[in-house]
Amino acid sequence: MPHYIIERNVGSLTADQLTAAGRMSNSVLAEMPEVVWVKSYVSDAEGKIYCEYIAPNPEAVLEHARRSGIPANKISEVSLEINPAMFM
């Protein structure tokens, strides 16, 4: 199944707001078994969250965003995953 990186413009979030968003996301994901949240990176300096998801298509990622109330400003499909160990 395809992997996606989602860029979310969220501004500055408090720890409580981030917790609430994560809980809402998990609640929606429980109803969407075809969508998997892998991990996320928060950039307070940029006011963004970068999330990795596994989903059948970008539309499923957008539907999760719509239901959870968390923006998905840019969705990029991952074509290849690389890591430093591959180049030793």
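What this report covers is the structure whose coordinates are included nearby. (Residues numbered from 1 in each chain as written. Predicted model: local features only at pLDDT ≥ 70, side-chain atom pairs only at ≥ 80, totals over all residues. Heavy atoms only, no water.)

### As for helix H1 (residues 15–29)
The first and last C-alpha atoms of H1 sit 21 Å apart over 15 residues, in line with the 21 Å expected at 1.5 Å per residue. All of the buried residues in H1 are Gly22, Ser25, Val28 and Leu29. Viewed end-on, H1 has its buried residues packed into an arc of 125 degrees, placing them on one side of the element. Among the exposed residues of H1, those pointing more than 90 degrees away from its buried face are Asp16 and Arg23. Summarising the contacts, the buried residues of H1 are in contact with strand S2 (36–43), strand S3 (48–54) and helix H2 (58–68). (Helix = DSSP H or I, 4+ residues; strand = E, 2+ residues; numbered from the N terminus. Expected span 1.5 Å × (residues − 1). Buried < 20%, exposed > 50% of the residue type's maximum accessible area, 1.4 Å probe, protein only. Arc of directions from axis to C-beta. Contact = heavy atoms within 4.5 Å.)

### Remarks on the packing of H1 against H2
Between H1 and H2, whose axes approach to 9 Å, the crossing angle comes to 125 degrees. Classified by the angle between their axes, H1 and H2 sit oblique to one another. Pair H1 / H2 crosses with right-handed handedness. Here H1 contributes Met24, Ser25, Val28 and Leu29 to the contact with H2, which in turn contributes His64, Arg67 and Ser68. Classifying every residue of the contact of H1 with H2 by side-chain character gives three nonpolar, three polar and one charged. (Axes fitted to C-alpha atoms, helices over the stretch in contact; angles between N-to-C directions. Parallel < 35°, antiparallel > 145°, perpendicular 65-115°, else oblique. Left-handed = near helix turned anticlockwise from the far one by under 90°. Nonpolar A, V, L, I, M, F, W, Y, C, P; charged D, E, K, R; others polar.)

### What about the pairing of strand S1 (residues 3–9)?
Here S1 pairs with S3 via seven bridges, running antiparallel. Counterpart to Asn9 in the pairing with S3 is Lys48. As paired strands, S1 and strand S4 (residues 74–77) are joined by four bridges and run antiparallel to one another. The residue bridging Tyr4 from the neighbouring strand is Glu77, located in S4. (Pairing = 2+ DSSP bridges.)

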